[in-house]
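Reading the structure
Listed here are the chains, written in short residue letters.
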Amino acid sequence: MYLTDEQKRMLDGEYGEGTALAMRVQVGIGEAFGAERMLPITRAHVALSNQDADVWFAEKLAGLGAKCRIAPTTNPGFDVEYFNEHVDLKPVDMEQMNRTLMAYQKLGAILNFSCTPYLYDNIPRQNEICAFSESSATPYMNAIYGAKSNRESALSALCAGITGVVPEYGLLLDENRKGEILVEVEADLTNDFDYQLLGYAVPKKIGHKIPVFSNLPQMISPEAIMYLCAELNTAGAVPMFHILGVTPEAKTLEEAFGKRDYEIIKITNEDLQEVHEKISERAGKIDFVLLGCPHVTLDQVIKIAHMVEGEKLKSELWINTSAHTKDVVKRMGLLEVIEAAGGHVVKDTCIDQPIWHHLEGKLGATESPKCSYYAKRRQLNFVIRPFEQCIQGALKGEIQ
Ligand code: F3S
């Protein structure tokens, strides 16, 4: 593929071994996808996982002296201090999280530790070329902001942050962003939770095609879109979709599909119900509620505080959110309210981390099919219900 002189210098090691390694990865990906050149990026987000391969690669790059030209925002691991105080944290897990932190700090990443960077910390304008990993973040960039990002891995997004470029292929090319299948939504979407089910139901019917959603409202809450994005990439791999009248590139059907022929499918109430029954455990007594996969928003934490004010929770309540949101609710006096009820508001933390040992084998509730899907491998089991029902469940110790 064609490389500029500057890009060749990176590849040849003039900017150090770390940058050269990152560039080799980028060139390899470009060649695999038939890219002809590199494009400069303005933003990146690394879905840091704090798991072995992630730590190994970040430490390798940092050890070779790599520094990010475009500082990426980063996904959560866990809040070492908070969990050390509240659960039985293993030294080996603590050490791994500290290594992750040090490696990404050395690389010059933005340590916001949030999986919803697109709501607060890393917001593009239309047509910005970006390198985003993370299941809800990439489609949110493409479909809602009209920015352009491929579905990067954590590792390739980090390399893009270091080199400041991405190979031009896939969703960076306008012709590959067009819709391929029309999804007529006949289901009644009565609350944000229904978008979780919609996101989970659609991939089974469309495979890897780019969906164009019709019959969705024009004013959809950020939470509902976040849920849709997260579940499309839990049940499937959908880095790009269109919502007619909402996606900047899809004001009309003609614009969404271009000249492509397309199939039409329908999503009904029965489809959503079927998915819900399949992925949720049966209602009953619960030991805990785990929210925030992706991270709970500021509006949602405020709502929780109002729901639990003056009450005592009967089940554990864990609310994962961004450091920014935790800070704001603390200033608002609402952190105290939730803690007085017995709840935990946790920053920097992902549900898929080795910190939930005390919940293993127990039954909990969550609003997130994604949470249930990933936490199952850690022996956490979930009844999946709308957000408000989960909070009521935490208050009563059981859920309907
Ligand atoms: Fe966020 Fe972890 Fe879920 S990164 S989306 S809390 S799996």
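Residues numbered from 1 in each chain as written. Predicted model: local features only at pLDDT ≥ 70, side-chain atom pairs only at ≥ 80, totals over all residues. Heavy atoms only, no water.

For the rest of this paragraph, the subject is unusual backbone geometry. With an omega of 0°, the peptide bond running from Cys293 to Pro294 counts as cis. Tracing the backbone through its elements, the reader meets Pro294 in strand E11 (residues 288-296). Here Asn215, not a glycine, exhibits a phi torsion of approximately 70°, which is positive. Tracing the sequence through the fold places Asn215 in the loop between strand E7 (211-214) and helix H10 (222-232). Not every positive phi belongs to a glycine, and Asp348 is a case in point at roughly 65°. Mapped onto the secondary structure, Asp348 falls in the loop between strand E13 (343-347) and strand E14 (363-366). Look at Asp348 and you get buried, because its relative accessible area is 11%. (Helix = DSSP H or I, 4+ residues; strand = E, 2+ residues; numbered from the N terminus. Buried < 20%, exposed > 50% of the residue type's maximum accessible area, 1.4 Å probe, protein only.)

With that out of the way, let us pick up the side chain of Glu128. Within the secondary structure, Glu128 sits in the loop between helix H6 (117-120) and strand E4 (130-132). Ignoring sequence-local partners within four residues, the contact set of Glu128 consists of Thr42, Arg43, Ala147 and Lys148. (Contact = heavy atoms within 4.5 Å.)

Below, the discussion takes up the sheet that holds strand E6 (residues 181-185). Where strands meet in a sheet, backbone hydrogen bonds hold them as pairs that are either parallel or antiparallel. Pairing in this open sheet of 4 strands is parallel, and the strands run E8-E7-E6-E9 from one edge to the other. At either end of the open sheet lies a strand with only one pairing partner, and these are strand E8 (242-243) and strand E9 (263-267). Inspection of the sheet shows E6 paired to E9 by 5 bridges, in the parallel sense. When the bridges of E9 are listed, Glu184 appears paired with Lys266. (Pairing = 2+ DSSP bridges.)

Where burial is concerned, most of E11 is hidden: 9 out of the 9 residues are buried. When E11 meets strand E12 (residues 316-321), the two strands line up parallel, connected through 5 bridges. By the bridge assignment for E12, Leu290 is matched with Trp318. The β-α-β motif built from E11, the intervening helix H13 (residues 298-308) and the parallel element E12 has right-handed crossover chirality. As judged from the 2 bridges shared by E11 and E14, these two strands associate in the parallel manner. Paired with Val289 across the bridge in E14 is Ala365. (Right-handed = clockwise from strand over helix to strand, strands pointing away.)

This brings us to the domain arrangement of the chain. Domain annotation for the chain reports domain 1 (5-173), domain 2 (178-277) and domain 3 (280-399). With centres defined by C-alpha atoms, the gap from domain 2 to domain 3 works out at 27 Å. Counting from both sides, the interface comprises 12 residues of domain 2 and, opposite them, 15 residues of domain 3. When the two sides are added together, the surface that domain 2 and domain 3 hide from each other amounts to roughly 1,200 Å², 59% of it contributed by carbon and sulfur. Remark: the boundary between domain 2 and domain 3 carries 0 salt bridges. Breaking the side of domain 2 that touches domain 3 down by element, the ones donating at least two residues are helix H9 (192-206), H10 and helix H12 (269-279). Split into classes, the residues belonging to the side of domain 2 that touches domain 3 amount to 5 nonpolar, 4 polar and 3 charged. (Domains from an automatic or database assignment. Buried area = accessible area lost by both parts, 1.4 Å probe. Salt bridge = Lys/Arg side-chain N within 4 Å of Asp/Glu carboxyl O. Nonpolar A, V, L, I, M, F, W, Y, C, P; charged D, E, K, R; others polar.)

Around the ligand, the neighbouring residues are Asn75, Pro76, Cys115, Glu134, Gly292, Cys293, Pro294, Cys350, Ile351 and Lys370. With 3 residues, the top contributor of residues to the shell around the ligand is E11. Both domain 1 (5-173) and domain 3 (280-399) contribute no fewer than three residues apiece to the shell around the ligand. (Near = heavy atom within 4 Å.)

A few words on helix H8 (residues 154-163). Counting buried residues along H8, 9 of its 10 residues qualify, which places the element largely inside the surrounding structure. Just past H8, the residue Gly164 takes up positive phi, approximately 80°.

Glancing now at the sheet that holds E4. Spatially, 3 strands are ordered E3-E2-E4 in an open sheet, and the strand pairing comes out parallel. This sheet does not close on itself; its edge strands, each paired only once, are strand E3 (73-74) and E4. Relative to E4, strand E2 (residues 43-46) runs parallel, the two being bridged by 3 bridges. Across the sheet, the residue bridging to His45 is Phe132, located in E4. Against the sheet, H8 touches E2 and E4, its axis set at about 145° to E2. (Axes fitted to C-alpha atoms, helices over the stretch in contact; angles between N-to-C directions.)

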